[in-house]
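Overview (structure and organization)
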Amino acid sequence: MSGLEFLLAGTLAAALPMLLAALGEMVVEKTGLLNLGLEGMMALGAAIAFICVYHSGSHGLGFLAAAFAGALLSMLFAILVIGVRANAVATGLAVGVLGLGLSALFGKSYESLTVDGLPEIGLPVLSQIPLVGPTLFTQDIVVWLTILGTVGLWYVLNRTKLGLIISAVGENAEAARAIGYQVGAIRCAAVGFGGALCGLAGAYASTVYTPLWADGMIAGRGWIALALVVFGTWKTGRVVFGALLFGLLSLGELTAQAVGVGLPSQLLSSLPYIVTILMLTVISSRGLKSRT
């Protein structure tokens, strides 16, 4: 496989964990909250999914368990922040650390074990296009379902009453409460939804994209997902573009090795994180902030 074919084949899969987590956090932030625990929720989802798939052989069961685990951990954040009115930043960090600790605890006896991945499905006609078809249009079922789900989320947020309610709660919670909306319940539902997507993101990382368990395998993807929400200015299409960009960058080291580029592997591995810092710096500039 050439370097170009490798990029076409792997970008969607590499982007998917960050995309799922970023979409979930985008919904949370649209309600006026900030959850910094994405990394921990993804790690816990990855561990739970791997354990379920390893023992049952069912990816469906693994993904359901991961979504439940992520949602359950996010409910701890919701109880503390919405119910007890704890500081959201400190609580999010604590929940993230808790998730990382639980994932290490649960996954300790599964270190370096592997599971079977998912078969790839080619889209009719499109998968027959030379070069592009067998790579870009041949993906596993989770990728295709995520694409459909992303379109559905865009529609809900931009074309339905529910999307307007979510935006109203985030922009003016007191006004939304005054006209009868249960702000706390809406925010809890958004936090649970975000946690479930983080769990699914971790499940994909540990059972499909890299079907093995290793402590720390999320490797900062949760923080990148958090940055993607800002990069995408809370718009679904821009978040998708950012996730694809970072998926492409995350393949930089392997692609460079495939084509024989003589750059240090450490530099290539750090590219996504360097770009994250530069991206946030640019977005935080006064001119761009005033336009967005």
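If you check an unreviewed UniProt entry, the chain appears there as ABC transporter permease from Hoeflea prorocentri. Per UniProt, the comment on the chain under Subcellular location (unreviewed entry) is "Cell membrane".

So, about the packing of helix H10 (residues 221-231) against helix H14 (residues 271-283). Packing of H10 against H14 leaves a shortest axis separation of 10 Å and a crossing angle of 30 degrees. Looking at the two axes, H10 sits roughly parallel to H14. Two packed elements cross with a definite hand, and for H10 against H14 that hand is left-handed. For the pair H10 and H14, the contacting residues are Ile-224, Ala-227, Val-230 and Phe-231 in the first and Pro-272, Tyr-273, Thr-276, Met-279, Leu-280 and Ile-283 in the second. Looking at side-chain class alone, the contact of H10 with H14 contains 9 nonpolar, 1 polar and no charged residues.

Ranked by internal contacts, the top residues of the largest apolar core, which has 66 residues, are Ala-21, Leu-23, Met-26, Leu-38, Tyr-204, Trp-213 and Leu-228. Listing elements by their share of this core, those giving two or more residues are helix H1 (3-30), helix H2 (38-56), helix H3 (59-83), helix H6 (141-159), helix H9 (183-209), H10, helix H11 (236-250) and H14. Those residues within four positions of Trp-213 in sequence are excluded, and the remaining contacts are Ala-43, Ala-46, Ala-47, Phe-50, Ser-103, Gly-107, Tyr-110, Glu-111, Ser-112, Leu-113 and Ser-206. Ranked by size, the runner-up nonpolar core spans 6 residues in total, among them Ile-165, Val-169, Ala-173 and Val-183.

A few words on a nonpolar patch on the surface. Together, Leu-76, Ile-79, Leu-80, Val-84 and Leu-98 make up an exposed nonpolar region whose accessible area comes to about 410 Å². Among the elements that make up the nonpolar patch, the one with the highest residue count is H3 (3 residues). Within the element layout of this structure, Leu-76 appears in helix H3.

What follows is about the pattern of salt bridges. Inspection of the entire model under this criterion finds 1 salt bridge. Arg-177 is the salt-bridge partner of Glu-174, the closest N and O atoms lying 2.9 Å from each other. Residue Glu-174 and its partner Arg-177 are located together in helix H8 (residues 173-178), separated by 3 residues, close to a single helical turn. Overall, Arg-177 belongs to the partly exposed group, its relative accessible area being 39%.

Looking now at the packing of aromatic side chains. Under the definition given, this model contains 4 aromatic pairs. Between Tyr-54 and Tyr-110, the ring centres sit 5.7 Å apart and the planes meet at 80 degrees, which makes this aromatic pair edge-to-face. Highlighted residues: Tyr-54 in helix H2 and Tyr-110 in the loop between helix H4 (88-107) and strand S1 (120-122), separated in sequence by 56 residues. A residue is classified by how much of its surface remains accessible, and Tyr-54, at 37% relative accessible area, is partly exposed. By relative accessible area, Tyr-110 is classed as buried at 14%. A connected cluster of aromatic rings, assembled from ring pairs, spans Phe-50, Tyr-54 and Tyr-110.

Let us look at unusual backbone geometry. Its identity as a non-glycine residue notwithstanding, Arg-85 has a phi of 65 degrees, on the positive side. Mapped onto the elements, Arg-85 comes out in the loop between H3 and H4. Relative accessible area serves as the criterion here: at 71%, Arg-85 is assigned to the exposed category. One non-glycine residue with positive phi stands out, namely Thr-233, at about 45 degrees. Checked against the element boundaries, Thr-233 lands in the loop between H10 and H11.

It is worth spelling out the packing of H2 against H9 at this point. In the contact formed by H2 and H9, the axes pass within 6 Å of each other and the chain directions differ by 55 degrees. When the axes of H2 and H9 are compared, the pair comes out oblique. Like other packed secondary-structure pairs, H2 and H9 cross with a definite hand, here right-handed. Across the interface between the two elements, Leu-38, Met-41, Met-42, Gly-45, Ala-46, Ala-49, Phe-50 and Val-53 from H2 touch Gly-195, Cys-198, Gly-199, Ala-201, Gly-202, Ala-203, Ser-206 and Thr-207 from H9. The class makeup of the residues in the contact of H2 with H9 is 10 nonpolar, 6 polar and no charged.

Conventions used here
- Residues numbered from 1 in each chain as written.
- Predicted model: local features only at pLDDT ≥ 70, side-chain atom pairs only at ≥ 80, totals over all residues.
- Heavy atoms only, no water.
- UniProt positions renumbered as here; feature names shortened; annotations may be inferred.
- Axes fitted to C-alpha atoms, helices over the stretch in contact; angles between N-to-C directions.
- Helix = DSSP H or I, 4+ residues; strand = E, 2+ residues; numbered from the N terminus.
- Parallel < 35°, antiparallel > 145°, perpendicular 65-115°, else oblique.
- Left-handed = near helix turned anticlockwise from the far one by under 90°.
- Contact = heavy atoms within 4.5 Å.
- Nonpolar A, V, L, I, M, F, W, Y, C, P; charged D, E, K, R; others polar.
- Core = buried A, V, L, I, M, F, W, Y, C linked by side-chain atoms within 4.5 Å.
- Buried < 20%, exposed > 50% of the residue type's maximum accessible area, 1.4 Å probe, protein only.
- Patch = residues over 30% accessible without salt bridge, like charges linked within 9 Å, V, L, I, M, F, W, Y side chains within 5 Å.
- Areas by Shrake-Rupley, 256 points an atom, 1.4 Å probe, with all protein chains shown as cover.
- Salt bridge = Lys/Arg side-chain N within 4 Å of Asp/Glu carboxyl O.
- Phe/Tyr/Trp six-rings, centres within 6.5 Å; stacked < 30°, edge-to-face > 60°.

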